[in-house]
Amino acid sequence: MRFITEKNEKTIAEKFIAEAKVMAQKATCHRAKCGAVIVGGNEIIGIGFNSPPGNDERERRCEIEKDEFNQKITDKTCCVHAEQRAIMDALRCHPDKIKGSKLYFSRFHPDGRQRFLGGEIQLYCTICAKMMHDTGISEFILSHQDGIVSFSRDEYVGRSFMDNKYTKI
């Protein structure tokens, strides 16, 4: 993990994190609102927000309690993650631009307060990490309580396989 401090890079990161925040407001999950944008060059090539699968807005209501999935080994939510949707969107619309791209992410509490990385927070989804790795996305960028941080693809994948529930960052 590295903090983005160089002025131009930070300005670009702030711009695309703001776009991820806009996407997060479309989320229909009751537990968290997440948004993601994938940027290839200076162009947004994929967008996503978390919500249950479906093409109709009425189908995208998160009404299943997480505890109902307590026997499932992988993801324990009913939602497609924002990162997954953004990757699928980029593959559908700009498959030639996804290799070497960057994924910008933003997350909010259900009451609208932004969640920042820092302290103890669950962050690393192995499914999303594997999708990022397989498609060639090079960085995962998000807001930290002390600034904006970037994870390389390999670091993000490695942290997603850590055996602890919460990772202190």
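What you see is a predicted model, and the numbers here were worked out from it, not measured in a lab.

### A few points about the packing of helix H3 (residues 126-135) against helix H4 (residues 153-160)
Argument step 1. Axis separation between H3 and H4 bottoms out at 9 Å; the angle between their running directions is 155°. Relative to H4, H3 is oriented roughly antiparallel. When the axes of H3 and H4 are compared, the crossing they make is left-handed. Each of Thr126, Ala129, Met132 and His133 in H3 lies in contact with H4, whose residues at this interface are Arg153, Asp154, Tyr156, Val157 and Ser160.
Argument step 2. Looking at the contact of H3 with H4 residue by residue, the class counts come to 4 nonpolar, 3 polar and 2 charged.

### Quick word on the pairing of strand S4 (residues 102-108)
Argument step 1. In terms of burial, S4 is largely enclosed, as 5 of its 7 residues are buried.
Argument step 2. Pairing geometry for strand S2 (residues 33-40) and S4, over 7 bridges, is antiparallel. Looking at S4, one finds that Val39 is bridged to Lys102.
Argument step 3. Note that S4 and strand S7 (residues 139-144) share 4 bridges and pair parallel. Looking at S7, one finds that Tyr104 is bridged to Ile141.
Argument step 4. The loop that links S4 with its antiparallel partner strand S5 (residues 114-115) comprises 5 residues; one of these, Gly112, has a positive phi angle of about 100°.

### A short note on the packing of aromatic side chains
Argument step 1. Per the counting criterion, the structure on display carries 4 aromatic pairs.
Argument step 2. Pairing Phe16 with Tyr104 gives two aromatic rings, centres 5.4 Å apart and planes at 40°, and the pair type is tilted. Residue Phe16 is found in helix H1 (residues 7-24), and its partner Tyr104 is found in strand S4; the two are separated by 88 residues along the sequence. Tyr104 matches Phe16 in its accessibility class, with the two residues each being buried.
Argument step 3. Aromatic pair Phe140 and Tyr156: ring centres 4.4 Å apart, planes at 25°, arrangement stacked. With Phe140 in strand S7 and Tyr156 in helix H4, this pair connects stretches of sequence that are 16 residues apart.
Argument step 4. Pairwise contacts between aromatic rings join Phe105, Phe140, Phe151 and Tyr156 into one cluster.
Argument step 5. Its end group placed over the ring of Phe49, Arg85 keeps NZ or CZ at 5.5 Å from the ring centre.

Quick notes on the rules
Residues numbered from 1 in each chain as written. Predicted model: local features only at pLDDT ≥ 70, side-chain atom pairs only at ≥ 80, totals over all residues. Heavy atoms only, no water. Axes fitted to C-alpha atoms, helices over the stretch in contact; angles between N-to-C directions. Helix = DSSP H or I, 4+ residues; strand = E, 2+ residues; numbered from the N terminus. Parallel < 35°, antiparallel > 145°, perpendicular 65-115°, else oblique. Left-handed = near helix turned anticlockwise from the far one by under 90°. Contact = heavy atoms within 4.5 Å. Nonpolar A, V, L, I, M, F, W, Y, C, P; charged D, E, K, R; others polar. Buried < 20%, exposed > 50% of the residue type's maximum accessible area, 1.4 Å probe, protein only. Pairing = 2+ DSSP bridges. Phe/Tyr/Trp six-rings, centres within 6.5 Å; stacked < 30°, edge-to-face > 60°. Lys NZ or Arg CZ within 6 Å of the ring centre and 35° of its normal.

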